[in-house]
Amino acid sequence: MNSDLIVMTFDDSEMAQTVYRSLQVMRKSRVLGLDHCVIMTKDSAGQVRQDPGSQASTGVAGLLADLIFRFPEGVVPEAATARLDDEFLGTVRSALRSNGSALLFFLHPDSLSDTGELLNALALFRGTIHQTTISPQDEALLRGMPRVNRAGLCNEGTEDESSGKECDKNPWSPGST
């Protein structure tokens, strides 16, 4: 079974955090997939950052958030973008505007998360919902990719790019899969 990737974008930089907190209050956090959620914000200069409050910043959800939002178009390697639908990628990237925010949910079919419940909850808020699926094969390939920042350094799950070390194998280089 495929995993679901759901991204909700907002024109306000604080709205993703507000919606996330509201979803926590609903007391269905496990069913809603909050443990597989990443909060992203984009400032007026176009810089995209993961909110430190994101619970899933180091898993597949964090990697997907980096691939979608943090790497400029044309910089993300073909091996990584092949795992995502091009139309979905372009639509979601353009939907996160300056001074905007986004929630990214990665829902694995074996988890307690319920895609229908999440979509019903998100429908209560003003934002744009984008949804696609990721096959088990593509998910396995994504899970095998080390986290790499824009400088090509392994970041060991931290946001501090200067603390990285050289990667043994850079998945962003041509010919890597």
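This text follows the structure it describes.
Summarised in this report is the structure supplied together with it. (Residues numbered from 1 in each chain as written. Predicted model: local features only at pLDDT ≥ 70, side-chain atom pairs only at ≥ 80, totals over all residues. Heavy atoms only, no water.)

Concerning the sheet that holds strand E1 (residues 3-10)
(1) Moving on: Ordered by their spatial adjacency, 5 strands build an open sheet running E3-E2-E4-E1-E5, and the pairing between neighbours is antiparallel. The sheet terminates laterally at strand E3 (48-50) and strand E5 (128-134), the two strands that pair on one side only. Averaged over all neighbouring strand pairs, the angle between strand axes comes to 20°, with direction disregarded.
(2) Moving on: Sheet topology note: the E1/E5 ladder contains 7 bridges and is antiparallel. The residue bridging Met8 from the neighbouring strand is Ile129, located in E5.
(3) Moving on: Lying on the sheet, helix H3 (residues 60-70) is in contact with E1, strand E2 (37-42), E3, strand E4 (100-107) and E5; it crosses E4 at an angle near 140°.
(4) Moving on: Contacts from helix H7 (residues 136-143) reach E1, E4 and E5 within the one sheet, and its direction differs from that of E5 by about 95°. (Pairing = 2+ DSSP bridges. Helix = DSSP H or I, 4+ residues; strand = E, 2+ residues; numbered from the N terminus. Axes fitted to C-alpha atoms, helices over the stretch in contact; angles between N-to-C directions. Contact = heavy atoms within 4.5 Å.)

Here we look at the pairing of E1
(1) Moving on: Among the 8 residues that make up E1, 8 are buried, leaving the element largely enclosed by the rest of the structure.
(2) Moving on: Of the two faces of E1, both are covered, the one formed by Ser3, Leu5, Val7 and Thr9 as well as the one formed by Asp4, Ile6, Met8 and Phe10.
(3) Moving on: Of the pairings in the sheet, the one linking E1 to E4 comprises 7 bridges and is antiparallel in character. Bridging from a neighbouring strand, Asp4 pairs with Leu107 of E4. (Buried < 20%, exposed > 50% of the residue type's maximum accessible area, 1.4 Å probe, protein only.)

What to know about the nonpolar core
The tendency in soluble globular proteins is for nonpolar side chains to be buried side by side.
(1) Moving on: One finds Leu5, Leu64, Ile68, Phe69 and Leu104 to be the most contacted residues of the largest nonpolar core, which totals 23 residues.
(2) Moving on: Among the elements of the structure, E1, E2, H3, helix H5 (86-95) and E4 are those that each provide at least two residues to this core.
(3) Moving on: Per-element accounting of this core gives the leading share, 8 residues, to H3.
(4) Moving on: Once you skip the residues sitting within four places of it in the chain, Ile68 turns out to touch Leu5, Leu84, Phe88, Leu89, Val92, Arg93 and Leu104. (Core = buried A, V, L, I, M, F, W, Y, C linked by side-chain atoms within 4.5 Å.)

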